[in-house]
Amino acid sequence: MNCRLSCKWIAPPLLAALFAVSLCVGAGSTGTGPFDPAAQQLLFVSRLPRTLAAVLAGAGLAIAGLIMQTIARNRFVEPATAGAAQSAALGILIATIFYPTASLALKTLVATATSLAGTTVFLATAHRLPPEQPYLVPLFGLVYGGVIGAAVTFAAWQTDLLQYVEIWMNGEFSGILRGRYELLWLAVPLVGAAWWIADRLTIMTLGRDASIGLGISYGRMLQAGLVIVSVITALTVTVVGMIPFAGLVVPNVASRLLGDNIRSSIGWVAAGGAILVLGCDIIGRLIRYPYEIPVGTVMGVTGALLFLVLLFGRRRDA
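Starting from 1, residues in each chain are numbered consecutively following that chain's sequence as written. Confidence filtering applies because this is a predicted model: local features only for residues at pLDDT of at least 70, side-chain atom pairs given and counted only at 80 or more, and all residues used for totals across whole chains, interfaces and linings. Water and hydrogen atoms were dropped before computing side-chain values, which therefore reflect all heavy atoms in the structure.

Colleague: What's the story with the packing of aromatic side chains in this structure? I'm lost.
Modeller: Centre-to-centre distance and the angle between the planes together describe a pair of aromatic rings. Between rings of Phe, Tyr and Trp, where Trp is taken as its six-membered ring, a pair exists when centres lie within 6.5 Å; planes separated by under 30 degrees are stacked, by over 60 edge-to-face, and by other angles tilted. Tallying each qualifying case throughout the model produces 5 aromatic pairs. With a centroid separation of 5.8 Å and 10° between ring planes, the pair formed by Phe 122 and Phe 140 is classed as stacked. A residue pair is termed long-range when its members are at least 10 positions apart, and Phe 122 in helix α4 (residues 104–126) and Phe 140 in helix α5 (residues 136–158) qualify at 18 residues. Under the relative-accessibility criterion, Phe 122 is labelled buried at 0%. Phe 140 gets classed as partly exposed once you look at its relative accessible area, which sits at 23%. Three or more aromatic residues joined by ring pairs form one cluster here, namely Phe 122, Phe 140 and Tyr 144. Two limits define a charge over a ring: the Lys NZ or Arg CZ must be within 6 Å of the ring centre, and within 35 degrees of the ring normal. The residue whose ring lies beneath Arg 263 is Trp 195, and the NZ or CZ to ring-centre distance is 4.5 Å. Put simply, DSSP H or I for four residues or longer makes a helix, DSSP E for two residues or longer makes a strand, and each gets a number counted from the N terminus. Buried, partly exposed and exposed residues are distinguished by accessible area as a fraction of the type maximum, computed with a 1.4 Å probe on protein chains only: under 20%, between the cut-offs, and over 50%, respectively.

Colleague: Is there a simple way to think about a nonpolar patch on the surface in this case?
Modeller: What makes a patch is a set of residues exposed beyond 30% relative accessible area and free of salt bridges, joined within 9 Å when like-charged and within 5 Å when nonpolar (Val, Leu, Ile, Met, Phe, Trp, Tyr). What sets the accessible areas is the Shrake-Rupley method with a 1.4 Å probe; for residues, cover comes only from the shown protein chains. When a carboxyl oxygen of Asp or Glu lies within 4 Å of a side-chain nitrogen of Lys or Arg, that pair is called a salt bridge. Where nonpolar side chains cluster on the molecular surface, the patch consists of Ile 94, Ile 97, Phe 98, Tyr 99, Leu 106 and Leu 109 and spans about 600 Å² of accessible area. Of all the elements in the fold, those that place two or more residues in the nonpolar patch are α3 (84–98) and α4. It is α3 that contributes the most residues to the nonpolar patch, 3 residues altogether. Within the element layout of this structure, Tyr 99 appears in the loop between α3 and α4. Given a relative accessible area of 44%, Tyr 99 falls into the partly exposed group.

Colleague: I'm lost on the packing of helix α2 (residues 37–72) against helix α10 (residues 218–239) in this one. Help?
Modeller: Packed helix pairs are specified by the crossing angle of their axes together with the interaxial distance, meaning the distance between the axes. Whenever a helix is involved, its axis is fitted only over the stretch in contact; in every case the axis is a line through C-alpha atoms, and angles between N-to-C directions fall within 0 to 180 degrees. Close contact between α2 and α10 brings their axes to 9 Å; oriented N to C, the two are set at 150°. In this view, α2 runs roughly antiparallel relative to α10, as classed from their interaxial angle. At the point where α2 passes α10, the crossing takes the left-handed sense. On the side of α2, the interface is formed by Ala 57, Gly 60, Leu 61, Ala 64, Ile 67, Met 68 and Ile 71, while α10 contributes Tyr 218, Leu 222, Gly 225, Leu 226, Ile 228, Val 229, Ile 232 and Thr 236. Here the nonpolar group is Ala, Val, Leu, Ile, Met, Phe, Trp, Tyr, Cys and Pro; Asp, Glu, Lys and Arg are the charged ones; every other residue, Gly included, is treated as polar. In the contact of α2 with α10, the residues fall into 12 nonpolar, 3 polar and no charged. An angle below 35 degrees is treated as roughly parallel, one above 145 as roughly antiparallel, one from 65 to 115 as roughly perpendicular, and anything else as oblique. Take the far helix as your reference; a near helix turned counterclockwise from it by less than a right angle gives a left-handed crossing, and one turned clockwise gives a right-handed crossing. When checking whether two residues touch, look at their non-hydrogen atoms; a contact exists if any pair is within 4.5 Å.

Colleague: In this structure, what is going on with the environment of Ser 255? I would like to understand it.
Modeller: Secondary-structure assignment places Ser 255 in helix α11 (residues 246–258). Since its relative accessible area comes to 18%, Ser 255 is described here as buried. In the structure, Ser 255 is positioned 35 residues away from Arg 220 in sequence and 24 Å away in space, judged by C-alpha atoms. Any pair of nitrogen or oxygen atoms within 3.5 Å is treated as a polar contact; in protein, a donor-acceptor pairing is required on top of that, and neighbouring residues in sequence qualify only through side-chain atoms on both sides. A polar atom in the side chain of Ser 255 sits 3.2 Å from the side chain of Arg 75.

Colleague: Just checking my understanding: could you explain the environment of Phe 44 for this structure?
Modeller: The residue Phe 44 is located in helix α2 in this model. Residue Phe 44 is classed as partly exposed on the basis of its relative accessible area, which comes to 44%. Put simply, Phe 44 and Leu 23 are 21 residues apart on the chain and 9.6 Å apart in space, counted from C-alpha to C-alpha. Discounting residues that sit within four places of it in the chain, Phe 44 has contacts with Pro 49 and Arg 178.

Colleague: Would you take a moment to explain the nonpolar core for this structure?
Modeller: Burial of nonpolar side chains together is a common tendency in soluble globular proteins. Among the nonpolar cores identified, the biggest contains 91 residues, and Ile 63, Ile 67, Phe 122, Phe 173, Ile 243 and Met 299 are the most heavily contacted of them. Considering every element that reaches this core, the biggest residue donor is α2, with 16 residues. Apart from the residues lying within four places of it in its own chain, the contact partners of Phe 173 are Arg 50, Ala 53, Ala 54, Ala 57, Val 240, Ile 243, Val 277, Asp 281 and Val 295. We define the nonpolar core as a collection of buried residues of types Ala, Val, Leu, Ile, Met, Phe, Trp, Tyr and Cys that are connected through side-chain atoms lying within 4.5 Å of one another.

Colleague: Is there a simple way to think about the packing of α3 against α5 in this case?
Modeller: Following both chains from N to C, one finds α3 and α5 inclined at 20°, their axes separated by 9 Å at the closest point. With respect to their mutual orientation, α3 and α5 come out roughly parallel. The handedness of the crossing between α3 and α5 is left-handed. On α5, the residues that touch Gln 86, Ser 87, Ala 89, Leu 90 and Leu 93 of α3 are Gly 145, Ile 148, Gly 149, Val 152, Ala 155 and Ala 156.

Colleague: I would appreciate a short explanation of α3 in the present structure.
Modeller: The periodicity of an α-helix, 3.6 residues per turn, causes residues three or four positions apart to be oriented the same way. Counted at 1.5 Å a residue, the expected span for α3 with its 15 residues is 21 Å, and the 21 Å between its end C-alpha atoms agrees. α3 sits mainly inside the fold: 11 of its 15 residues count as buried. If you check which residues of α3 are buried, you get Ala 84, Ala 85, Gln 86, Ser 87, Ala 88, Ala 89, Gly 91, Ile 92, Leu 93, Ala 95 and Thr 96. Multiply 1.5 Å by the residue count of a helix minus one, and that product is the helix's expected span.

Below, the structure written as structure tokens:
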């Protein structure tokens with residue numbers, strides 16, 4: 001209860017503060033004041049869309065990670081380490097090769113299909129691994145995602161698209177402008193759908209037989225979870241690029257502080273993902289100001305450190 005109250009009072013003001021800081025940080029000048037036309041154009045064309053994109057991407061990836069961990073019944077997986085993000089990049093590459101002028105919406109649609117297929121293969125294999133050895137699942141995910149990523153890199157090299165693939169494989173917000181991020185708003189109804197089925201997702205953590213015994217349509221819930229994870233992952237990779245660890249660290253922190261009831265923690269998971277990604281984006285803009293470090297790079301370092309803290313903390317608790 002104390003942890004939940006702490007999250008309630010800390011998370012919203014922290015997110016609001018980071019949101020305000022993000023609007024003020026950047027290489028461009030704000031002119032003579034907030035009413036200057038140049039300052040308003042910079043704010044509404046670049047900085048506000050970038051900030052909103054970071055919030056939406058972070059919240060969506062955290063929810064996608066929470067759902068993937070639930071349906072895989074393993075706390076060490078997320079879209080970026082289980083082949084979902086790499087499969088989405090493969091879909092974008094396929095759309096680019098066969099239809100170079102494809103819109104973001106069409107690329108997202110193809111990326112969703114390939115991400116759904118890749119995630120389905122991962123889960124089908126992960127459920128066959130020995131449950132008493134939970135570390136085999138993330139290890140398989142890393143290998144599986146690495147193989148798909150290698151295939152994407154090889155195909156991009158053959159088609160002279162390697163530079164584009166590097167953008168998809170390492171997320172950044174520097175190219176986000178008004179008119180290029182709006183697809184991320186689709187993550188909002190998906191988060192709402194996750195909240196709607198949250199109780200059934202919580203029951204799914206008990207396993208297939210127990211879920212069916214409690215009246216849950218395990219197959220339908222699994223399909224719903226796969227669709228939510230795949231669409232959110234495809235949206236993020238298409239618009240921003242791959243951002244690691246957001247879907248891994250935040251759900252684990254929420255589970256420690258708030259427990260495993262998805263309905264009671266899903267809002268804080270979304271807020272935590274938004275705070276983490278937005279904070280890392282601000283850090284990337286400030287470390288080498290006025291130059292930028294991609295948020296994917298900053299998240300890779302920050303997320304890895306946080307995950308190690310969680311991992312060693314769990315061992316001490318055990």
